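Coordinate inspection notes
One letter stands for each residue in the lines below.
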Amino acid sequence: MKPTIRIMSWNANGLLQRSKELEKHSTIDQVHRIVNIIEEALEKKNVCSGIFLDVAQAFDKVWHEGLNHKLKKMLPYQYVELLESYLSRRYFCIKQEDAYSEPRTINAGVPQGSVIGPLLYLLYTCDLPETEENTTATFATTLLS
């Protein structure tokens, strides 16, 4: 089975939208899209440069306090409260043989494999600087079965 990705983007009104056109495409389709943008720029003799980031364990790196700060600027209060409760009061402990460590608070990351995980990551990273001369393409993926 071909893995698929979900792609979320910001529309002209600054609202998050799900891309219907790209929703069921594979990662290789995204590579082709970027290559086409580069080819068009080079054919027009434009300067073309790129920065590509593959953030390892990206969903684990979402800082809760920073995400909550951004959410308060973007969403209605009720949604912020709901998402805050979704991310808070989560703990982990380590088991070694028959012994367990004391529970520790999880201060970063969004739950793996959740439907809302990619959305929270995009909300966390949506304030990347942009200009009219560049193309910014961001997406977060989860493998769907």
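What comes next concerns the included structure. What you see is a predicted model; the values in this text were computed from it and never measured.

**Remarks on the packing of aromatic side chains**
Following the criterion strictly, the structure yields zero aromatic pairs and no others. Geometry around Y124 places K70 over its ring, the cationic atom sitting 4.8 Å from the centre.

**Looking at a nonpolar patch on the surface**
The grouping of I51, L53 and V55 at the surface amounts to a nonpolar patch, some 360 Å² of accessible area in total. Tracing the chain through its elements places I51 in the loop between α1 (27-43) and α2 (64-74). Take I51: its relative accessible area is 76%, and that puts it in the exposed class.

**Comments concerning the environment of H64**
The residue H64 is located in helix α2 in this model. Looking at H64, the relative accessible area reads 9%, which means it is buried. Separated by 45 residues in sequence, H64 and G109 place their C-alpha atoms 7.1 Å apart. The contact partners of H64, leaving out residues within four places of it in the chain, are L87, R90, I106, N107, A108 and G109.

**Quick notes on the environment of I116**
Mapped onto the secondary structure, I116 falls in the loop between β6 (104-105) and α4 (117-125). A C-alpha to C-alpha distance of 9.7 Å links I116 and L83, two positions 33 residues apart in sequence. If near-sequence neighbours (up to four positions away) are discounted, I116 is found in contact with L83 and Y86.

**Thoughts on the packing of α2 against helix α3 (residues 77-87)**
Running from N to C, α2 and α3 point in directions that differ by 170 degrees, and their axes come no closer than 10 Å. The angle between α2 and α3 places the two elements in the roughly antiparallel class. Facing α2, whose interface residues are H64, L67, N68, L71 and K72, α3 presents V80, L83, E84 and L87. Looking at side-chain class alone, the contact of α2 with α3 contains five nonpolar, two polar and two charged residues.

**A word on unusual backbone geometry**
At K45, a position not held by glycine, the phi torsion is positive, near 60 degrees. Residue placement: K45 occurs in the loop between α1 and α2. With a phi angle near 55 degrees, R89 is a residue other than glycine that sits in the positive phi range.

The rules behind the values
- Residues numbered from 1 in each chain as written.
- Predicted model: local features only at pLDDT ≥ 70, side-chain atom pairs only at ≥ 80, totals over all residues.
- Heavy atoms only, no water.
- Phe/Tyr/Trp six-rings, centres within 6.5 Å; stacked < 30°, edge-to-face > 60°.
- Lys NZ or Arg CZ within 6 Å of the ring centre and 35° of its normal.
- Patch = residues over 30% accessible without salt bridge, like charges linked within 9 Å, V, L, I, M, F, W, Y side chains within 5 Å.
- Areas by Shrake-Rupley, 256 points an atom, 1.4 Å probe, with all protein chains shown as cover.
- Salt bridge = Lys/Arg side-chain N within 4 Å of Asp/Glu carboxyl O.
- Helix = DSSP H or I, 4+ residues; strand = E, 2+ residues; numbered from the N terminus.
- Buried < 20%, exposed > 50% of the residue type's maximum accessible area, 1.4 Å probe, protein only.
- Contact = heavy atoms within 4.5 Å.
- Axes fitted to C-alpha atoms, helices over the stretch in contact; angles between N-to-C directions.
- Parallel < 35°, antiparallel > 145°, perpendicular 65-115°, else oblique.
- Nonpolar A, V, L, I, M, F, W, Y, C, P; charged D, E, K, R; others polar.

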